[in-house]
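So the chains spell out like this:
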Amino acid sequence: MLVLGLESSCDDCSAAVVEETASGPILRSLVRESQDAIHGPFGGVVPELAAREHLLQVRATMAGALAQAGLGLQDLDRIAVTRGPGLVGSLLATFSAAKAMAWHQGLPWVGVHHLLGHLNAARFGAPDLPFPALVLLVSGGHTHLYLAQNWTSLQLLQKTRDDAAGEAFDKTARMLNLGYPGGPLVDACARSAARRAEPFTPPKFRDGRASWSFSGLKTGVKLRVERNPRLAQAGAADPEVQGLCRSLQEAISAWLLKPVAALASEHGARSLIISGGVACNSTLREDAALLAQRLGLRLALPEPRLCTDNGAMIGAAGALLPVETDPWGQNADSDLKLGG
Ligand code: KG4
Ligand code: ZN
């Protein structure tokens, strides 16, 4: 089955052709148009600008994915498109395009929950993964841990009490004037560090559980910059900035992985899946590999271009979902719930 997967829930406009086979999905093409240059000066995504840019990008992105795969619309068996959650103006760009193309071509189409997409990004490298699996989804908007019994269901186990982990990376990069988006820049800076800065104190919760909170990190970085204003201008080549990034990155990775051992044993998990933009982080990838080995879990970490938002993950998820007999009343939903 050949699926065109479309994603535009935030600031990336992406399309991919995925071939679903008996032994799992094969990536036939992947195109992504970044809007980093547009949002960079604002230090974060500006929803109205993102929506307008998606409208300009969507046709070329879809055409690019089909051309890269050497296919035309008539060769497709299905279109899969992100339905939500996300920025509604952004979602509407590919959602409306998908509906229009499906109508014109008489093609089946499915709306996909964005997080089922991130889950299915792991299917490209690990189609035979044993379930149940713990699924850590970490991005700019999500820091959630789920239990999955298969590739199309997610049951929430815990989530951050405040900020997402990606936000801590992005805000830190902003305070250190490293650029946008922050995650990859903090990561590169941390990799260059010869020494780490003073470690960040992990949050403590009254119930003693390994819960998550990342807003304290923001304040922690802010206080260090206030104490030493030079850090804000020193740049990525500065050893103190590098040390700070390394300590931050090690703290985030350790905190994210802390609940895994207890929850894996409680739920009899056989695998650990990590996906979402922050799953690109080099320290998190290394720490997760060691942890999974120690716990005897199969680890599925999608390649970095499939961890960040992309059309391939939506195509892979959409290939497994049932096509509704009359999907035409369906619309993009910025607050779409899982199972909704
Ligand atoms: O999944 P994604 O592309 O979009 C959302 O749904 O949010 O994730 C984007 C997030 C951003 O916060 C970005 O800074 C972070 O993923 N990110 C990283 C790395 N690459 C991207 N964070 C840490 N280390 C990285 N290498
Ligand atoms: Zn995402």
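Definitions and cut-offs
- Residues numbered from 1 in each chain as written.
- Chains lettered and ligands numbered in written order.
- Predicted model: local features only at pLDDT ≥ 70, side-chain atom pairs only at ≥ 80, totals over all residues.
- Heavy atoms only, no water.
- Domains from an automatic or database assignment.
- Contact = heavy atoms within 4.5 Å.
- Buried area = accessible area lost by both parts, 1.4 Å probe.
- Salt bridge = Lys/Arg side-chain N within 4 Å of Asp/Glu carboxyl O.
- Helix = DSSP H or I, 4+ residues; strand = E, 2+ residues; numbered from the N terminus.
- Nonpolar A, V, L, I, M, F, W, Y, C, P; charged D, E, K, R; others polar.
- Pairing = 2+ DSSP bridges.
- Axes fitted to C-alpha atoms, helices over the stretch in contact; angles between N-to-C directions.
- Near = heavy atom within 4 Å.
- Polar contact = N/O pair within 3.5 Å; in protein donor to acceptor, adjacent residues only side chain to side chain.
- Areas by Shrake-Rupley, 256 points an atom, 1.4 Å probe, with all protein chains shown as cover.
- Buried < 20%, exposed > 50% of the residue type's maximum accessible area, 1.4 Å probe, protein only.
- Right-handed = clockwise from strand over helix to strand, strands pointing away.
- Donors = N, O, S within 2.8 Å, 3.2 Å for Na, K, Ca; no water.
- Tetrahedral: all angles 85-135°; square planar, octahedral: opposite > 155°, others 65-115°.

1. Describing the domain arrangement of the protein
Stage number 1. Segmentation of the protein into domains returns domain 1 (2-121 + 305-329) and domain 2 (133-301).
Stage number 2. Domain 1 and domain 2 are separated by 27 Å when their C-alpha centres are compared.
Stage number 3. If you look at the interface, domain 1 gives 18 residues, while domain 2 gives 19 residues.
Stage number 4. Buried area between domain 1 and domain 2, summed over both chains or domains, comes out near 1500 Å², and the portion from carbon and sulfur atoms is 71%.
Stage number 5. Among the residues of domain 1 in contact with domain 2, Leu115, Leu119 and Cys307 are the three that bury the most area, contributing 43% of the side total.
Stage number 6. Counting the contacts that link domain 1 with domain 2 gives zero salt bridges.
Stage number 7. Among the elements that make up the side of domain 1 that touches domain 2, the one with the highest residue count is helix H4 (residues 114-121) (six residues).
Stage number 8. Each residue belonging to the side of domain 1 that touches domain 2 can be placed in one class, and the counts come to nine nonpolar, seven polar and two charged.

2. Regarding the sheet that holds strand E8 (residues 155-159)
Stage number 1. Taking strand neighbours across the sheet as the criterion, the five strands line up as E8-E7-E6-E9-E10 in an open arrangement whose pairing is mixed. Strand pairing shows two members of the sheet lacking a second neighbour, E8 and strand E10 (298-300), which therefore form its edges. Averaged over all pairs of adjacent strands, the angle between strand axes in this sheet comes to 20°, irrespective of strand direction.
Stage number 2. Here strand E6 (residues 133-138) runs beside strand E7 (residues 143-148); their pairing, made up of six bridges, is antiparallel. Its bridge partner being in E7, alanine 133 is matched across the sheet by alanine 148.

3. Observations regarding the site of ligand 1
Stage number 1. For ligand 1, the set of nearby residues contains 18 residues, the closest of which are Gly140, Asp170, Gly183, Asp187 and Asn281.
Stage number 2. A distance of 2.9 Å is found between an oxygen atom of ligand 1 and a backbone nitrogen or oxygen belonging to glycine 183.
Stage number 3. Asparagine 281 is positioned such that a nitrogen or oxygen atom in its side chain is 3.0 Å from a nitrogen atom of ligand 1.
Stage number 4. Considering ligand 1 on its own, with 560 Å² of exposed area, one finds that the protein chains cover 88% of that surface.
Stage number 5. Elements that contribute at least two residues to the shell around ligand 1 include exactly H4, helix H5 (165-175) and helix H6 (182-191).
Stage number 6. Here the residues of the shell around ligand 1 sort into four nonpolar, 11 polar and three charged.

4. Brief notes about the pairing of strand E9 (residues 271-275)
Stage number 1. Of all five residues making up E9, five are buried, and the element is well covered by its neighbours.
Stage number 2. On E9, burial covers both faces: Ser271, Ile273 and Ser275 on one face and Leu272 and Ile274 on the other are all buried.
Stage number 3. Both E6 and E9 contribute to a ladder of five bridges, which runs parallel. Bridged to leucine 137 within E9 is serine 275.
Stage number 4. As a crossover connection, the stretch from E9 through helix H11 (residues 282-295) into E10 is right-handed.

5. Details of the side chain of histidine 142
Stage number 1. One can find histidine 142 in the loop between E6 and E7.
Stage number 2. A relative accessible area of 19% places histidine 142 in the buried class.
Stage number 3. With near-sequence residues (within four places) excluded, histidine 142 lies in contact with Leu115, Leu137 and Ala164.

6. Comments concerning the coordination of the zinc ion (ligand 2)
Stage number 1. In this structure, His114 (NE2), His118 (NE2) and Asp309 (OD) serve as the protein donors to the zinc ion (ligand 2), at separations of 2.1 to 2.2 Å.
Stage number 2. Angles of 92 to 153° at the metal separate the four donor atoms of the zinc ion (ligand 2), which places the site in the irregular class.
Stage number 3. Along the chain, the residues that donate to the zinc ion (ligand 2) are spaced as H-x3-H-x190-D. Within this pair, whereas histidine 118 is found in helix H4, its partner aspartate 309 is found in the loop between helix H12 (304-307) and helix H13 (311-320), the two being separated by 191 residues in sequence.

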